[in-house]
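Take a look at the letters that make up each chain.
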Amino acid sequence: MMQGYLRSDGRKGIRNIVAVGYLVECAHHVAREIAMPHREEDVHVIGFPGCYPNDYAQRMMDRLCTHPNVGAVLLVSLGCESFNKYGLERAVRATGRPVKTITIQATGGTRSSIAEGRAWVAEQRAVLDEMQTVPMDVSELVVGTVCGGSDGTSGITGNPAAGRAFDRLVAAGAACIFEETGELIGCEHIMASRAINPALGQELEASVAKAARYYATLGYGSFAAGNADGGLSTIEEKSMGAYAKSGSSPISGMIKPGDVPPKGGLYLLDVVPDGEVRFGFPNINDNAEIAELIACGAHAVYFVTGRGSVVGSAVSPVIKICANPETYRRMADDMDVDAGRILDGRATLDQVGQEIYDLTLSLGQGKRTRSEDLCHQEFILTYKSFEPLGPSCLPH
Amino acid sequence: MTNTLPFLLLDERDNVLVVTRRIVLGDQLNIDGEIIEAMNDFPLAHKLARRPIRAGETVLKYGAPIGVATADIPRGAHVHVHNMKSGYTPTYTLDAEKGDEA
């Protein structure tokens, strides 16, 4: 049985971290220094580097600071940035979590801010470490999936195996989220046919059409040079492989970054901004996608890699599923699951899918992932702009 | 039977096969009963033509279109960025920067 930390909104966390959030790049160093002595004790740095306000970034920080895996929040402000720190602090306080804002200009600079921040974090850490857990059911889990450093093995082993784990989770009542509409280009019609009703199917297709337009304007698809080295020739080919992560459950809805799935089922996360192209690429790297999945409430994220990514994330554990057996031999230390066994017949898709499912549940029983052990706590948040969800996106 | 071959057919409709073990130049390949000598090395998970593919023809993998051939591709040849392209956005590679490694 999993154990979770019960929060005031009824959700449960499988981690109990202190989040240290910087509200402009100018406060990043101070935030990092505050967290550094505790980096192996679940104190994670998140933040937004921009000095100009942005609704999306405000919402992302709000959702991350009130994520079920977060037990307390320290906000670090320089003092003159535009981020609405008062609103964020109020939102966190309303959930009953301990929260404090340090404003560097008021505290007297770097040294005094670090000292004050470290003292507060140490205090909160001690309190959180005494917190009792409660039993947690699979149906209370939210799990996300991404792939990165993909190659020709990803779509044959790791992604379909992650899809099998998703099928099991959805069957048990959990909410599962797949994403990156820019990597579904070419399979939008196949995907739309899995929607629970035709209106949702149209929304799914429209989200991919939006992504195709967005990337065409930018002149690059969601495709890196290493993808081609690994045998992938086109974005459509990468898409078909990436799509396999979604498994075979019906698609219950479409959400945008920061929307928490209203109930169990399979959801597509639309990550491409709405409106005209601005602020650059939708997600500038894998961690930008991971942060968005976590902002949607993901307790854990599956990361399928062929070429060999090493990243983890702040806030939620990342399970790294290695699709390529040659990569696994080189980088086994960074990988939680050796899905390349499927390629040479040492395991079946179902066996690896079951292994991923079991590992997911074990994260709620004290087990930690490789990237957690290695203190990977990557985090990135950039400018974006979204319109609210359309009425057909979340059918009842 | 298919397991003993160094490649995988993902869908009956496909005109490409996926390499599951490294193939080296000169290896004898049994493609749908025809023995063909490998024309080059194939790294893991790259694609080879299951049958001749004409320029302009759709390349099918997973039973789905993944792009269009930009040249005539003989059976057994490497199918990749040099002889096929996306129907959506172009594929950029670093091959030019790699010199001999490419």
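Here, the structure is the one placed above.
Residues numbered from 1 in each chain as written. Chains lettered and ligands numbered in written order. Predicted model: local features only at pLDDT ≥ 70, side-chain atom pairs only at ≥ 80, totals over all residues. Heavy atoms only, no water.

Let us look at the side chain of Thr234(A). Its place among the elements puts Thr234(A) in the loop between α9 (225–229) and α10 (235–243). In this structure the side chain of Thr234(A) is engaged in a polar contact, spanning 2.4 Å, whose partner is the backbone oxygen of Ile66(B). For Thr234(A), the contacting residues outside a window of four places in its chain are Phe223(A), Ile66(B), Met84(B), Lys85(B), Ser86(B) and Thr91(B). (Helix = DSSP H or I, 4+ residues; strand = E, 2+ residues; numbered from the N terminus. Polar contact = N/O pair within 3.5 Å; in protein donor to acceptor, adjacent residues only side chain to side chain. Contact = heavy atoms within 4.5 Å.)

The next thing to look at is the pattern of salt bridges. Under the definition given, this model contains 28 salt bridges over all chains. Across the pair Glu237(A) and Lys61(B) runs a salt bridge whose closest N-O atoms are separated by 2.7 Å. Of this pair, Glu237(A) sits in helix α10 while Lys61(B) is found in strand β6 (residues 58–61), placing the two residues in two different chains. Under the relative-accessibility criterion, Glu237(A) is labelled buried at 1%. Asp344(A) is the partner of Arg346(A) in a salt bridge, and the nearest nitrogen-oxygen pair spans 3.0 Å. Judged by its relative accessible area of 48%, Arg346(A) falls in the partly exposed class. On the basis of relative accessible area, Asp344(A) is assigned to the partly exposed category, the value being 42%. Overlapping salt bridges, with partners in common, bring together Lys210(A), Lys256(A), Asp270(A) and Asp274(A) in one network. (Salt bridge = Lys/Arg side-chain N within 4 Å of Asp/Glu carboxyl O. Buried < 20%, exposed > 50% of the residue type's maximum accessible area, 1.4 Å probe, protein only.)

Taking burial as the measure, the nine residues of α10(A) include nine buried ones, the bulk of the element. For α10(A), every residue scored as buried is listed here: Ile235(A), Glu236(A), Glu237(A), Lys238(A), Ser239(A), Met240(A), Gly241(A), Ala242(A) and Tyr243(A).

Here we come to the nonpolar core. Residues and elements named next belong to chain A. With 66 residues, the main nonpolar core has Leu 141, Leu 169, Met 191, Tyr 302 and Ile 321 as its most contacted residues. Look past the residues within four positions of Leu 141 in its chain and what remains in contact with it is Met 2, Ile 14, Met 136, Leu 169, Ala 174, Ala 175, His 299, Thr 360 and Leu 361. Within the second largest apolar cluster, 45 residues are counted, among which are Phe 48, Leu 64, Val 73 and Phe 379. (Core = buried A, V, L, I, M, F, W, Y, C linked by side-chain atoms within 4.5 Å.)

This part covers the state of the cysteines. A disulfide bridge is the covalent bond that connects two cysteines by way of their sulfur atoms. Residue and element names in this part refer to chain A. The tally for this structure, following the rule as stated, stands at zero disulfides over all chains. A disulfide-free cysteine, Cys 187 has its sulfur positioned 11 Å from the sulfur of Cys 147, the nearest such atom. Owing to a relative accessible area of 1%, Cys 187 belongs among the buried residues under this scheme. With no disulfide partner, Cys 296 has as its closest neighbouring cysteine sulfur the one in Cys 393, 13 Å distant. (Disulfide = S-S within 2.5 Å.)

On to the pairing of strand β6 (residues 99–103) of chain A, then. Residues and elements named next belong to chain A. Sheet analysis places strand β5 (residues 70–77) next to β6, joined by five bridges and oriented parallel. From the neighbouring strand, Leu 75 faces β6, where its bridge partner is Thr 101. With helix α3 (residues 85–94) bridging β5 and the parallel β6, this β-α-β connection has right-handed handedness. (Pairing = 2+ DSSP bridges. Right-handed = clockwise from strand over helix to strand, strands pointing away.)

Turning our attention to the packing of aromatic side chains. The way to describe two aromatic rings as a pair is by their centre distance and the angle between their planes. All names here are of chain A. Counted by the stated rule, this structure contains six aromatic pairs over all chains. Consider the rings of Phe 48 and Phe 83, whose centres lie 6.4 Å apart with planes at 50°: the pair is tilted. Here Phe 48, found in the loop between β4 (43–47) and α2 (55–65), pairs with Phe 83, found in the loop between β5 and α3; they are 35 residues apart in sequence, far enough to count as distant. Each member of the pair Phe 48 and Phe 83 is classed as buried. Centre to centre, the rings of Phe 48 and Tyr 383 are 5.0 Å apart; their planes meet at 70°, and the pair counts as edge-to-face. On the criterion of sequence distance, the pair formed by Phe 48 in the loop between β4 and α2 and Tyr 383 in the segment after α14 (370–373) is long-range, its members being 335 residues apart. Taken as a pair, Phe 48 and Tyr 383 share a single burial class, namely buried. What links up through ring pairs into an aromatic cluster is the set Phe 48, Phe 83, Phe 279 and Tyr 383. (Phe/Tyr/Trp six-rings, centres within 6.5 Å; stacked < 30°, edge-to-face > 60°.)

With that out of the way, let us pick up the packing of helix α6 (residues 158–171) of chain A against helix α13 (residues 349–362) of chain A. Residue and element names in this part refer to chain A. Look at α6 against α13: their axes get within 8 Å of each other, and the N-to-C directions meet at 60°. Here α6 is positioned oblique relative to α13, judged by the angle of their axes. You can see that α6 and α13 cross each other, and the crossing is right-handed. Across the interface between the two elements, Pro 160, Ala 161, Ala 162, Arg 164, Ala 165, Arg 168 and Leu 169 from α6 touch Leu 349, Asp 350, Val 352, Gly 353, Gln 354, Ile 356, Tyr 357 and Leu 361 from α13. (Axes fitted to C-alpha atoms, helices over the stretch in contact; angles between N-to-C directions. Parallel < 35°, antiparallel > 145°, perpendicular 65-115°, else oblique. Left-handed = near helix turned anticlockwise from the far one by under 90°.)

All names here are of chain A. Within the fold, Ala 295 resides in helix α11 (residues 286–295). For the pair Ala 295 and Ser 309, spaced 14 residues apart in the sequence, the C-alpha separation amounts to 21 Å. When neighbours within four sequence positions are excluded, Ala 295 is seen to be in contact with Met 60, Arg 63, Leu 64 and Gly 258.

With that out of the way, let us pick up the sheet that holds strand β5 (residues 47–49) of chain B. Residues and elements named next belong to chain B. Spatially, four strands are ordered β1-β2-β5-β8 in an open sheet, and the strand pairing comes out antiparallel. The open sheet has two edge strands with one neighbour each: β1 (7–8) and β8 (78–79). Bridge count for β5 against β8 is two bridges, and the pairing is antiparallel. Looking at β8, one finds that Lys 47 is bridged to Val 79.

Moving on, we come to the interface of chain B and chain A. The interface is formed by 31 residues belonging to chain B together with 31 residues belonging to chain A. Both sides of the chain B and chain A interface together cover about 2400 Å² of buried area, and 60% of this is carbon and sulfur. Among the residues chain B hides against chain A, the three largest losses belong to Tyr62(B), Tyr88(B) and Tyr92(B). Together they make up 26% of the total. On the surface where chain B and chain A come into contact, there are three salt bridges. Notably, a salt bridge pairs Glu237(A) with Lys47(B), separated by 2.9 Å at the nearest N-O pair. Counting across the interface, chain B meets chain A through 14 residue pairs in polar contact (both at pLDDT 80 or more). (Buried area = accessible area lost by both parts, 1.4 Å probe.)

All we've got here are geometric facts, nothing functional implied.
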